[in-house]
Amino acid sequence: MEYENKLVLAPMVRVGTLPFRLLAADYGADITYSEEIIDHKMIRCERKVNEYIGSTDFVEKGTNNVVFRTCNQERDQVVFQMGTSDAVRALKAAKIVCKDVAAVDINMGCPKSFSVSGGMGAALLTKPDLIHDILTTLRRNIDTQVTCKIRLLKASQDTVELARRIEKTGVSALAVHGRKVPDRPRDPAKWNEIADVVSALSIPVIANGDVFEYDDFERIKVATGASSVMAARGALWNASIFSPKGKADWEDVKREYVRKSILWDNDVKSTKHTLKEMIVHYSCLELPEGKAVIKSENLADLAKVYGVEEYYQSVNDNRFSLSGQLDRDHCVKKLRQAEP
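Residues numbered from 1 in each chain as written. Predicted model: local features only at pLDDT ≥ 70, side-chain atom pairs only at ≥ 80, totals over all residues. Heavy atoms only, no water.

An unreviewed UniProt entry annotates the protein as LisH/CRA/RING-U-box domains-containing protein of Hibiscus syriacus. Taken verbatim from the UniProt record of the protein, the Cofactor (unreviewed entry) comment is "FMN". (UniProt positions renumbered as here; feature names shortened; annotations may be inferred.)

Participant: Mind showing me how you'd approach helix α5 (residues 128-141) here?
Facilitator: Since one α-helical turn is 3.6 residues long, residues separated by three or four positions face the same way. Taking 1.5 Å of rise per residue, the 14 residues of α5 would be expected to cover 20 Å, and the 20 Å separating its terminal C-alpha atoms lies within 8% of that figure. Listed in full, the buried residues belonging to α5 are Ile-131, Ile-134, Leu-135, Thr-136, Thr-137 and Leu-138. As for α5, its buried residues are in contact with α3 (87-97), β8 (103-108), β9 (145-152) and α6 (156-168). (Helix = DSSP H or I, 4+ residues; strand = E, 2+ residues; numbered from the N terminus. Expected span 1.5 Å × (residues − 1). Buried < 20%, exposed > 50% of the residue type's maximum accessible area, 1.4 Å probe, protein only. Contact = heavy atoms within 4.5 Å.)

Participant: Would you mind showing me how to read helix α11 (residues 268-282) here?
Facilitator: End to end, α11 covers 21 Å across 15 residues, agreeing with the expected 21 Å (1.5 Å per residue, within 8%). Here α11 has its buried residues at Val-268, Ser-270, Thr-271, Lys-272, His-273, Thr-274, Leu-275, Met-278 and Ile-279. Considering only its buried residues, α11 is in contact with α1 (18-27), α9 (233-237), α10 (250-263), α12 (288-295) and α13 (299-305).

Participant: For this particular structure, what's the right way to read the domain arrangement of the protein?
Facilitator: Accessible area lost upon the coming together of the parts serves often as the stated size of an interface. Looking at the assigned domains, one finds that the protein contains domain 1 (6-237) and domain 2 (250-337). With 20 residues of domain 1 in contact, the opposing surface of domain 2 contributes 23 residues. Contact between domain 1 and domain 2 buries roughly 1900 Å² in total, counting both sides, with carbon and sulfur atoms accounting for 65%. Summed over the shared surface of domain 1 and domain 2, the number is one salt bridge. In this structure, the salt-bridge partner of Asp-26 is Lys-260, at a minimum N-O distance of 2.6 Å. The set of elements that each furnish at least two residues to the side of domain 1 that touches domain 2 consists of α1 and α9. With seven residues, α1 is the single largest residue contributor to the side of domain 1 that touches domain 2. The residue inventory of the side of domain 1 that touches domain 2, partitioned by class, reads 13 nonpolar, four polar and three charged. (Domains from an automatic or database assignment. Buried area = accessible area lost by both parts, 1.4 Å probe. Salt bridge = Lys/Arg side-chain N within 4 Å of Asp/Glu carboxyl O. Nonpolar A, V, L, I, M, F, W, Y, C, P; charged D, E, K, R; others polar.)

Here's what the structure looks like:
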């Protein structure tokens, strides 16, 4: 995978699932990151080919819990982002998934307590030796590209020094979020400090922070000199931010996301979470749409909310006809969910 002049979907917890990644790719994203998956959870998974929907699933052993779902369509552009604090465990997790993704990325920027308390995410920023150990272990033992994503340190020079050390591990690219750990989303991203990192490195740098419109991709690229640009909240609120034709209508984007969630049998809780995040930005969950999403118990309910009942029925009819007798009971159950 190349990292020059790319538009990138940032990793977002509970959002960066297969339907949303494919949605962003359809609108123009060149590289799409998964949500952060913790290594402990990944090493409890087994790989299964899901012929029912045409996906590759990594399922927690002894359960039906799909921890990570991908497909051939995104094979050359999806980045599996991992949360880890241990090189051996990171390698064990990476080996499970590396042949099905374009790259493995280590999260070194998440400031949330669930990540930091486990020594992961932004907690790694103060442990350069551990960073070196994790990245070099992965680089030496898997053929898949390895990258990482960091936040800014207290002083720009400290960030530059850490970035130089990361570069020496042989990673393919480095993503830099232009905020420091204490910063909040409302605080302006420090593009000038991303530029300091870019000027010090020879590997591609992906700039992240305050990209809300298509024109912002070029603005931050010019301001920082970065090879590529990553969008998070701007993409969550309207995934068509990646389209050079301009943003699509918000209602159309939501509807297409629901269709993709149906097609890829996405977990309804995950789908509802993403829809609520979209709605809150533009509207209010107390209005009829928000209330209907909250009340929805399955994808069939969401199909009704967004007027795609016929699509839901068609998808399940096709699965029924292709599944064969062994999957008959499962298909009948799915079809019954779509009944009015």
